[in-house]
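Working through the structure, step by step
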Amino acid sequence: MSEALDLLGGHLSGHMVGDVHHFPVRVYYEDTDAGGIVYHANYLRYAERARTEMLRVLGVPHAEQVAATGVAFAVRRCTMDFLAPARLEDTLLVRSRITSVTGATVLAEQTIYRPQSGGIVPPGAATPDTVTGEDQTLVRLSLKLACINAQGRAVRVPTPVAQAFARLGVGRGNGEKINSKGDGASADAPSEE
């Protein structure tokens, strides 16, 4: 099945535009309330899917990272600003950007919007509303993600993930060196060996 998806050019995972990941979502009946408007909690699902696919596009699929390092991401904090509703059968785009990586945390910004013309809003550009017939911002999210181990304890962002984010221009704070083992520990951290 993955070979068939590869033949499609990876469209199911979205794509990167600079340091911003763009992920398409269609609104289905199951996503809506009785009035045909997307139920507010479903925006969290769309955002989660987009972050997962962003990792896949960056070459560090979440499930593989969990299997290899025992480290997973958990949402520590999320603030959402609801600006306009999405409706049944809308095609939406989720724009995701990692803004900071420090120790055991990753800060991210996500925007869910409805493209009116099918275009993608360039990073940093204003997002006009439907009055002008252009893209409309629906929801803005600001997230703090924590890296945790199987016991639920905070651990450093795994090196392969930090390196993938570094390729986007996002590095670890405080000039911290990343070790070569890929276990998420600092190069200055004591070894368990």
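Everything below is about the structure shown above.
Numbers given for residues are sequential positions, taken from 1 along each chain in its written order. Per-residue local features are limited, in this predicted model, to residues with pLDDT of at least 70; the limit for side-chain atom pairs, both in listing and counting, is 80 or more; totals at the level of whole chains, interfaces and linings are taken over all residues. As a convention, hydrogens and water are excluded, and side-chain values are obtained from all of the structure's heavy atoms.

**What to know about helix α2 (residues 42-57)**
Relative to the 22 Å expected for 16 residues at 1.5 Å per residue, α2 spans 23 Å between its end C-alpha atoms, a close match to the ideal helical length. Helix numbers and strand numbers start at the N terminus; a helix is a DSSP run of H or I with at least 4 residues, a strand a run of E with at least 2. Gly59 lies just past α2 and shows a positive phi near 90°. Multiplying 1.5 Å by the helix residue count minus one yields the expected span of that helix.

**Concerning the nonpolar core**
Membership of the largest hydrophobic core comes to 35 residues, with the highest contact counts inside it found for Tyr46, Leu92, Ile98, Ile112 and Phe165. Listing elements by their share of this core, those giving two or more residues are β2 (20-26), α2, β4 (91-102), β5 (105-114), β6 (136-148) and α4 (159-167). Any two residues whose heavy atoms approach within 4.5 Å at even a single point are treated as in contact. When residues no more than four places from it in sequence are discounted, the contact partners of Tyr46 are Phe23, Val25, Val27, Asp31, Val38, Leu92, Val94 and Ile112. Think of a nonpolar core as a cluster: buried Ala, Val, Leu, Ile, Met, Phe, Trp, Tyr and Cys residues, connected wherever their side-chain atoms sit within 4.5 Å. The buried label goes to any residue with under 20% of its type's maximum accessible area, the exposed label to any with over 50%, and the partly exposed label to all in between, with areas taken from a 1.4 Å probe on protein chains only.

**Regarding the side chain of Gln136**
Relative to the helices and strands, Gln136 is located in strand β6. A relative accessible area of 13% means that Gln136 is categorised as buried. Side chain to side chain, Gln136 and Arg114 meet in a polar contact 2.4 Å long. Residues adjacent in sequence count toward polar contacts only when both atoms are side-chain atoms; beyond that, a polar contact is any pair of N or O atoms within 3.5 Å, and within protein one must be able to donate a hydrogen and the other to accept it.

**Some remarks on the environment of Tyr46**
By the element assignment, Tyr46 lies in helix α2. Sequence separation of Tyr46 and Val94 is 48 residues, and the distance between their C-alpha atoms is 7.3 Å.

**Things to note about the pattern of salt bridges**
When a carboxyl oxygen of Asp or Glu is within 4 Å of a side-chain nitrogen of Lys or Arg, the pair counts as a salt bridge. In total, this model carries four salt bridges according to the counting rule given. Close ionic contact of Glu53 with Arg56 constitutes a salt bridge, the shortest N to O distance being 2.9 Å. Pair noted here: Glu53 and Arg56 are both in helix α2, with a separation of three residues, about one helical turn. For Arg56, a relative accessible area of 41% translates into the label partly exposed. A salt bridge links Arg114 to Asp90; the shortest N-O distance between them is 2.9 Å. Separated by 24 residues along the polypeptide, Arg114 in strand β5 and Asp90 in the loop between β3 (72-82) and β4 bring together distant segments of the chain. Since its relative accessible area comes to 16%, Asp90 is described here as buried.

**What about the packing of aromatic side chains?**
Pairing of aromatic rings covers Phe, Tyr and the six-membered ring of Trp, with a centre-to-centre limit of 6.5 Å; geometry is then stacked below 30 degrees between planes, edge-to-face above 60, and tilted otherwise. In the structure shown here, the tally under the stated rule is two aromatic pairs. The interplanar angle of 85° and the centroid separation of 6.0 Å between the aromatic rings of Tyr43 and Tyr46 together place this pair among those described as edge-to-face. Here Tyr43 pairs with Tyr46, and both are found in helix α2, just three residues apart, close to one helical turn. Owing to a relative accessible area of 3%, Tyr43 belongs among the buried residues under this scheme. Taken together, the ring pairs in this structure connect Tyr43, Tyr46 and Phe82 into an aromatic cluster.

**Considerations on the pairing of β5**
Strand residues, when the strand is regular, have side chains that alternate between the two faces of the sheet. By the criterion of burial, β5 is predominantly enclosed, with eight of the ten residues buried. For two strands to be treated as a pair, DSSP must find at least two bridges joining them. In terms of strand pairing, β4 meets β5 through nine bridges, oriented antiparallel. Considered in β5, the bridge of Arg97 is made with Glu109. Linking β4 back to β5 in an antiparallel pair, the connection comprises two residues, with Gly103 at a positive phi of about 55°. The pairing of β5 with β6 spans ten bridges and is classified as antiparallel.

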